[in-house]
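Each chain, written out:
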Amino acid sequence: MTDDIVASVVRQWQAVSPGLDTGPMELIGRINRCAALLQQAEDAPLRAAGLTRGEFDLLGAMRRTDRELTPGELARETFSSGAAVTKRLRALQEAGLIGRRSDARDRRVAHVGLTEAGRDLVDRLLPEQLAYERSVLSGLDEETRDGLSDRLGELLVQLEGRLGGGRR
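Residues numbered from 1 in each chain as written. Predicted model: local features only at pLDDT ≥ 70, side-chain atom pairs only at ≥ 80, totals over all residues. Heavy atoms only, no water.

*Asks:* A description of the pattern of salt bridges should follow, citing residues and the corresponding values.
*Replies:* Scanning all chains against the criterion turns up 13 salt bridges. Among the ionic pairs, D66 bridges to R119, the shortest N-O distance being 3.3 Å. With D66 in the loop between α4 (53–65) and α5 (71–78) and R119 in helix α7 (residues 116–136), this pair connects stretches of sequence that are 53 residues apart. Residue R119 is classed as partly exposed on the basis of its relative accessible area of 31%. Of the charged contacts, one joins E73 and R67 as a salt bridge, the two residues approaching to 3.8 Å between their closest N and O atoms. Of the residues examined, R67 reaches a relative accessible area of 46% and is grouped as partly exposed. Via salt bridges that share partners, R63, D66, R119 and D123 belong to a single interconnected network. (Salt bridge = Lys/Arg side-chain N within 4 Å of Asp/Glu carboxyl O. Helix = DSSP H or I, 4+ residues; strand = E, 2+ residues; numbered from the N terminus. Buried < 20%, exposed > 50% of the residue type's maximum accessible area, 1.4 Å probe, protein only.)

This is the structure in structure tokens:
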């Protein structure tokens, strides 16, 4: 296997500063580079349906919880900012994929739910998106994928505990 871009960067740092412990850079650099490449791919099935990953995450949150959610709940479910959720909800409502209704007790609170078209879209797209993601990972055997997923899960639990960002 040829070196990845992070290996090249590490070699350069080690040439400049031979005693430098580049271990953290090797791991975090690779995680960041993988994330950047995955984002560049832009989720082909979602893009073909005219959705961004963020919009699909909102639709998915409503589908998997199978209930209406407030914008604040959607922000927590998708680890997104309130402003990002507001912008995405506006686009999804204009596309006819979600509906909003005001809370009976507090008119300032909105409840957001999938329309029939939104539910149908999620149910159609999710298998396509998972097949796409499976193909992206096809160069790794099942044991490697499972091990990587387990190790990244351990890292995520540690980071959420130290840095926050876990579900509340």
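*Asks:* Pulling in residues and values, what's your account of α5?
*Replies:* Among the residues of α5, L74, A75 and T78 are the ones counted as buried. The arc that holds every buried residue of α5, seen down its axis, measures 105 degrees, which confines them to one face. Buried residues along α5 sit in contact with α4, α6 (82–94) and β2 (110–114). Phi turns positive one or two residues past the end of α5, at F79, with a value near 55 degrees. (Arc of directions from axis to C-beta. Contact = heavy atoms within 4.5 Å.)

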